[in-house]
Amino acid sequence: GEDYPASAKALEQLQRDSGARLLVVVSAAKGQTNKLIAEAKEDFPSDPWAQASAVAKGEDMSAEQLFLACRVAGADAQLISAVDIDLLGWGGDDPFHGHLLGANGDKLKRVTQKALITIIPGYYALDQKRRRRVLLGRGATDLIAVALAGALGTDCLFCKDGGAVYAFDPRRAEPGQRPKCISHLSYDQSHVFTSSGHGFLMPQSLLLAKQQGVALY
């Protein structure tokens with residue numbers, strides 16, 4: 001399972017060291033999305049919008065668990081949702097592969113001033129009528145993080161399971177073979193990596209970061 005107390009302590013330490021307010025965009029726990037997709041298709045076989053809403057609960061649960069862990073650790077944290085910042089997407093007829101439209105920058109700036117650590121679920125946005133959830137594709141927490149960083153005019157730090165970017169997938173290394181750790185990539189180099197199977201970031205997030213001038217770490 002996810003170690004939310006350890007993550008909360010790491011966030012609190014990062015906030016103290018940087019002196020900056022943090023906006024944390026949270027993914028579902030490992031394996032949770034696949035589990036929820038299977039359950040949603042069984043529970044709502046003919047309603048893709050209900051399926052999408054059920055799947056999005058994975059991010060909701062992770063965000064809530066991290067928020068509670070932050071509070072237990074004594075951190076000044078708050079939990080917000082897409083509705084608080086008008087985080088909108090367009091799903092058309094497919095709520096599982098929507099397109100991010102953006103967020104209300106003024107609302108985002110106001111709400112993030114209310115706590116040192118602000119936590120929001122990733123992966124989904126609201127439709128334009130603000131009634132239904134639109135999933136933005138696998139890995140879209142990356143995309144939302146970049147979009148919100150751009151709206152705030154700040155950098156974006158990714159915390160991934162792999163811990164680094166490698167020249168190739170370490171899981172495919174031959175015995176005794178160690179992939180080179182890559183310390184720096186341009187936006188274009190990163191996009192080539194992700195588009196060719198290095199799934200460390202959602203490719204669309206890199207295009208958006210380049211467009212908005214968001215530095216990625």
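Overview of the structure. All values reported here derive from a predicted model rather than from experimental measurement. (Residues numbered from 1 in each chain as written. Predicted model: local features only at pLDDT ≥ 70, side-chain atom pairs only at ≥ 80, totals over all residues. Heavy atoms only, no water.)

### Considerations on the overall build of the protein chain
Rules: Working definition: helices are DSSP H or I runs of at least four residues, strands are E runs of at least two. Numbering for both runs from the N terminus. When a residue's accessible area, from a 1.4 Å probe over protein chains only, is under 20% of the maximum for its type it is buried; when over 50% it is exposed; and in between it is partly exposed. In short, Shrake-Rupley with a 1.4 Å probe defines the accessible areas, and a residue's cover is counted only from the protein chains shown.
Of regular secondary structure, the protein chain possesses eight helices and nine strands. The buried share of the protein chain, taken over its 217 residues, is 41%. Approximately 12400 Å² of the protein chain is accessible, and the part contributed by carbon and sulfur atoms is 49%.

### Focus on the pattern of salt bridges
When the charged atoms of two side chains lie near each other, side chains of opposite charge can form a pair. What counts, and what does not: Salt bridges are identified by distance alone: a Lys or Arg side-chain nitrogen within 4 Å of an Asp or Glu carboxyl oxygen.
Scanning all chains against the criterion turns up five salt bridges. Across the pair Glu 12 and Arg 16 runs a salt bridge, and its minimum N-O distance is 3.2 Å. In this pair, Glu 12 and Arg 16 are both assigned in helix 1 (residues 4–18), four residues apart and thus about one turn of the helix distant. Taking the relative accessible area as the measure of exposure, Glu 12 reaches 14% and is therefore buried. Where Arg 132 meets Asp 127, a salt bridge forms, and the shortest distance between an N and an O atom there is 3.5 Å.

### Focus: the pairing of strand 5 (residues 117–121)
Both faces of the sheet carry side chains from a regular strand, because those side chains alternate between them. This is how the line gets drawn: At least two DSSP bridges between two strands are required for those strands to pair.
Where burial is concerned, most of strand 5 is hidden: five out of the five residues are buried. Here strand 5 shows two buried faces, one formed by Ile 117, Ile 119 and Pro 121 and the other by Thr 118 and Ile 120. Note: strand 2 (residues 77–79) against strand 5, three bridges, orientation parallel. Paired with Gln 78 across the bridge in strand 5 is Thr 118.

### What about helix 8 (residues 203–212)?
Short version of the rule: Each C-beta atom gives one direction from the helix axis, and the arc is the one those directions make.
What helix 8 keeps buried is the set Ser 205, Leu 206, Leu 208 and Ala 209. Seen from one end, helix 8 has its buried residues packed into an arc of 165°, which puts them on one side. Gly 213 lies just past helix 8 and shows a positive phi near 70°.

### A word on unusual backbone geometry
Excluding glycine, residues mostly carry a negative phi; peptide bonds, for their part, are mostly trans. Phi is positive for Asp 86, close to 50°, though the residue is something other than glycine. You can see Asp 86 is positioned in the loop between strand 2 and strand 3 (88–90). Under the relative-accessibility criterion, Asp 86 is labelled buried at 12%. A positive phi angle, close to 80°, is found at Tyr 123, a residue other than glycine. Considering the arrangement of structural elements, one finds Tyr 123 in the loop between strand 5 and strand 6 (124–126). The exposure class of Tyr 123 is buried, given its relative accessible area of 5%.

### Topic: the packing of aromatic side chains
Inclusion rule: Two aromatic rings, drawn from Phe, Tyr or Trp (for Trp, its six-membered ring), form a pair once their centres lie within 6.5 Å of each other, and the interplanar angle then sorts them: stacked below 30 degrees, edge-to-face above 60, tilted otherwise. When the NZ atom of lysine or the CZ atom of arginine is within 6 Å of a ring's centre and also within 35 degrees of its normal, the charge is said to sit over that ring.
All chains considered together, the criterion is met by zero aromatic pairs. Its guanidinium or amino end placed over the ring of Trp 49, Arg 132 lies 3.8 Å from that ring's centre, counting from NZ or CZ.

### Here's the deal with the environment of Asp 60
Spelled out, the test is: Residues count as neighbours in contact if any of their non-hydrogen atoms are within 4.5 Å of one another.
Structurally, Asp 60 can be placed in helix 4 (residues 57–72). Between the C-alpha atom of Asp 60 and that of Tyr 123, which follows or precedes it by 63 residues, the distance is 9.8 Å. Excluding residues that lie within four positions of it along the chain, Asp 60 makes contacts with Pro 121, Tyr 124 and Arg 133.

### Brief notes about the nonpolar core
To keep it simple, the criterion reads: Side-chain atoms within 4.5 Å are what join buried Ala, Val, Leu, Ile, Met, Phe, Trp, Tyr and Cys residues into a set we call a nonpolar core.
Judged by nonpolar contacts, the single largest core of 41 residues is most densely connected at Val 55, Ile 85, Leu 87, Leu 135, Val 146, Leu 148 and Cys 156. Those elements that provide at least two residues to this core are helix 2 (32–43), helix 3 (48–55), helix 5 (105–111), strand 6, strand 7 (133–135), helix 6 (140–152) and helix 8. Per element, the largest residue contribution to this core is eight residues, and it comes from helix 6. Ranked by size, the runner-up nonpolar core spans 15 residues in total, among them Tyr 4, Ala 63, Phe 67 and Ile 117.

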